[in-house]
Structures are given as structure tokens and as C-alpha cells.
Amino acid sequence: MLKLLGLVMVFSCGVLCGFAKARSLAEGARVVGGWQELLRQFSVTLAGTRAAPREIIRMLAKQTAFTGLPGVEAMAEAFRQSGSFAAAAAAAGRTGAVEEVLRSLGDVIGVKPLEEQLSALEGAVLRLGREAELAREESRRRGGLWQRMGILLGLLAVVVLA
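Conventions we followed
Residues numbered from 1 in each chain as written. Predicted model: local features only at pLDDT ≥ 70, side-chain atom pairs only at ≥ 80, totals over all residues. Heavy atoms only, no water. Salt bridge = Lys/Arg side-chain N within 4 Å of Asp/Glu carboxyl O. Helix = DSSP H or I, 4+ residues; strand = E, 2+ residues; numbered from the N terminus. Phe/Tyr/Trp six-rings, centres within 6.5 Å; stacked < 30°, edge-to-face > 60°. Buried < 20%, exposed > 50% of the residue type's maximum accessible area, 1.4 Å probe, protein only. Core = buried A, V, L, I, M, F, W, Y, C linked by side-chain atoms within 4.5 Å. Contact = heavy atoms within 4.5 Å.

Colleague: Can you tell me about the pattern of salt bridges, naming the residues and giving the values?
Modeller: Across all of its chains, the model carries ten salt bridges by this definition. Between Glu-137 and Arg-140 there is a salt bridge, with its nearest N and O atoms 2.8 Å apart. Of this pair, Glu-137 and Arg-140 both sit in helix 7 (residues 114-161), three residues apart, roughly one helical turn. Close ionic contact of Glu-138 with Arg-142 constitutes a salt bridge, the shortest N to O distance being 3.2 Å. Of this pair, Glu-138 and Arg-142 both sit in helix 7, four residues apart, which is roughly one turn of that helix. Taken together, the shared-partner salt bridges connect Glu-133, Arg-136, Glu-137 and Arg-140 into one network.

This is the structure:
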């Protein structure tokens, strides 16, 4: 009986590892899409209100759509302290495409004229849109693969140990 319980636990570990990896891929795609939406909202608010970028980030960080997005609160706090979009982008702690886009905006937001800021934001939104689509596609393709591999790993472990 204990051996059966142990085998079930080993199988479950394999399955959970595969499903956790698939979920992390889906979460990565969600985060890139969230940053894309944040920059889109930033652009719309900047064009409509012409408010200071510091205030826009502070306002967006409080919206429920962005409260669960990693790095937004840190970015808002860093922007409040330094007043520089570049420093705030570095404090966001993102990696990959989001970091590159935020870093590229650091030389434009709050520094250049409004039209250049809006143009840079539009380019950033489009780039993050492409990155989000790539991440979603990878999650669809590889997520199922990771799930199946987890199940097969669990079954293999059960067969070896049985």
C-alpha cells in the first residue's frame, strides 16, 4: 500500500513539473501583454491629458488591471524618487523584450517633445504586441509539450521504480 502511495506521489511530481513549466510559459506571455497594455494606456493618457509621465505611471500603477503586473509598482516608486523614466525602467526589473523596450523609451519619455514621445510609445506598443504574440504562440506550442513530457516523466519514473 505504501509503495502504491509512493508511486502515485512520484507520478504526481512529474506531472506537476510539466504543468508548472507550461504555466510559466503562459504567465510570460501574459506579462508581455500586460506591459503592452500599460504602455498603450500610458500613450493615450499622455496624448489626452499631457500630464507628467511620473503622474501617469503613478496613476496606472494603481489601476487594478496593472496591480498584478510584476515590476509596475517598483517602476512607479523609482519614477517618483528619481523623476527619470530611464531609472524607473531599470527599477522595473524586467528581462527580455520588455526590458529592451523600456530601456529604449528611457531616452525619450519626459525628455523629448510630445510628438516624439507618442511616436516612440507607439513603436514600443507595436514591438511588445509582436513579442506577446510570439510568447503566446510558444506557450501554445510548447505548453502542451511540457505537459505531455511531465506525464511521460511521471509514468517513466513509476515504471522504473515499480
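Colleague: Tell me what's going on with the packing of aromatic side chains, and back it up with residues and numbers.
Modeller: Aromatic rings in a pair are described by how distant their centres are and how their planes are angled relative to each other. By the definition in use, this model includes two aromatic pairs. Aromatic side chains Phe-42 and Phe-85 sit 6.1 Å apart centroid to centroid with 55° between the ring planes, which places their arrangement in the tilted category. Note that Phe-42 is positioned in helix 1 (residues 2-49) and Phe-85 in helix 5 (residues 85-91), a separation of 43 residues in sequence. Aromatic side chains Phe-79 and Phe-85 sit 5.8 Å apart centroid to centroid with 80° between the ring planes, which places their arrangement in the edge-to-face category. The same class applies to Phe-79 as to Phe-85, namely buried. Taken together through their ring pairs, the aromatic side chains of Phe-42, Phe-79 and Phe-85 make up a single cluster.

Colleague: Could you give me a rundown of the nonpolar core, with the residues and numbers involved?
Modeller: Counting residues in hydrophobic clusters, the biggest one holds 33 residues, and the most contacted among them are Trp-35, Leu-39, Phe-42, Met-75, Phe-85, Leu-102 and Leu-105. At the level of secondary structure, the elements contributing two or more residues to this core comprise helix 1, helix 2 (53-62), helix 4 (72-82), helix 5, helix 6 (97-105) and helix 7. It is helix 1 that contributes the most residues to this core, seven residues altogether.

Colleague: Any details on unusual backbone geometry? Residues and values, ideally.
Modeller: Non-glycine residue Arg-50 carries a positive phi angle of around 55°. Take Arg-50: it is sitting in the loop between helix 1 and helix 2.

Colleague: I'd love a proper account of the side chain of Thr-45, names of residues and values included.
Modeller: With respect to the element layout, Thr-45 can be found in helix 1. Given the relative accessible area of 14%, Thr-45 is considered buried. Setting aside residues up to four positions removed in sequence, Thr-45 forms contacts with Arg-50, Ile-56 and Met-59.

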